[in-house]
Amino acid sequence: MSEQNRYFRRERMTILGDVEAASFLPWIERHAAKLGLAQAICVAGPDRIELDVAGPTELIDMMEMGCSLGPIDVWVEAIRRTPIDNESS
């Protein structure tokens, strides 16, 4: 396993709270891009957003912190992170 792949993770991030503001999804996409993370929104509702993120653990930690502080028009109550297992080849 290469040094780069050892620190590359895939996680499902579930953001709970009052997150239905139209500005939040584009904000998440921009924040992930600034951090160099791959991301895909899986579920988006008024009280829950689920997204898959991939990248170095430290940058995923930064993404979580950014989302918890988020834009002013959302209220994040909790963020849950679940590892996504890589399929063995």
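Predicted model, so just to flag it, every value in this text is computed and none were measured.

Q: In this structure, what is going on with the overall build of the protein? I would like to understand it.
A: Scanning the protein from terminus to terminus reveals 3 helices and 4 strands. In the protein, of all internal contacts separated by at least 6 residues, the share reaching a separation of at least 24 is 72%.

Q: For this particular structure, what's the right way to read the packing of helix α2 (residues 24-35) against helix α3 (residues 57-69)?
A: The relative placement of two packed helices is expressed as an angle between their axes plus a distance between the axes. Following both chains from N to C, one finds α2 and α3 inclined at 150 degrees, their axes separated by 10 Å at the closest point. Here α2 is positioned roughly antiparallel relative to α3, judged by the angle of their axes. Regarding α2 and α3, the two cross each other, and that crossing is right-handed. Residues Phe24, Trp27, Ile28, His31, Ala32 and Leu35 of α2 form the contact with α3, whose own contacting residues are Leu59, Met62, Met63, Gly66 and Cys67. For the contact of α2 with α3, a count of residues per class yields 9 nonpolar, 2 polar and no charged.

Q: Please explain the nonpolar core as it appears in this structure.
A: One broad trend across soluble globular proteins is that nonpolar side chains are buried collectively. With 19 residues, the main nonpolar core has Met13, Ile15, Phe24, Ile28, Leu51 and Met63 as its most contacted residues. For this core, the secondary structure elements donating two or more residues are β1 (8-18), α2, β3 (48-56), α3 and β4 (75-83). Among the elements that line this core, the one with the most residues is α2, at 5 residues. Ignoring sequence-local partners within four residues, the contact set of Leu51 consists of Glu11, Arg12, Met13, Ile15, Ile28, Gln39, Ala40, Ile41, Cys42 and Met63.

Q: What is the right way to read the pairing of β1 from this model?
A: Sheet topology places β1 next to β3; 9 bridges connect them, and they run antiparallel. Bridge pairing in β3 places Ile15 opposite Ile49. Strand direction decides the pairing type here: β1 and β4, joined by 8 bridges, are antiparallel. Residue pairing in the sheet places Leu16 in a bridge with Ala78 of β4.

Q: It is not clear to me how the sheet that holds β4 should be interpreted in this structure. Could you clarify?
A: Strand pairing in a sheet takes place through backbone hydrogen bonds and is either antiparallel or parallel in direction. Pairing in this open sheet of 4 strands is antiparallel, and the strands run β2-β3-β1-β4 from one edge to the other. Looking at strand neighbours, the two that pair on one side only are β2 (38-44) and β4, the edges of this open sheet. Across the sheet, the axes of successive neighbouring strands diverge by a mean angle of 20 degrees, strand direction being ignored. Packed on one face of the sheet, α2 meets β1, β2, β3 and β4 and runs near 160 degrees to β2.

Quick notes on the rules
Residues numbered from 1 in each chain as written. Predicted model: local features only at pLDDT ≥ 70, side-chain atom pairs only at ≥ 80, totals over all residues. Heavy atoms only, no water. Helix = DSSP H or I, 4+ residues; strand = E, 2+ residues; numbered from the N terminus. Contact = heavy atoms within 4.5 Å. Axes fitted to C-alpha atoms, helices over the stretch in contact; angles between N-to-C directions. Parallel < 35°, antiparallel > 145°, perpendicular 65-115°, else oblique. Left-handed = near helix turned anticlockwise from the far one by under 90°. Nonpolar A, V, L, I, M, F, W, Y, C, P; charged D, E, K, R; others polar. Core = buried A, V, L, I, M, F, W, Y, C linked by side-chain atoms within 4.5 Å. Buried < 20%, exposed > 50% of the residue type's maximum accessible area, 1.4 Å probe, protein only. Pairing = 2+ DSSP bridges.

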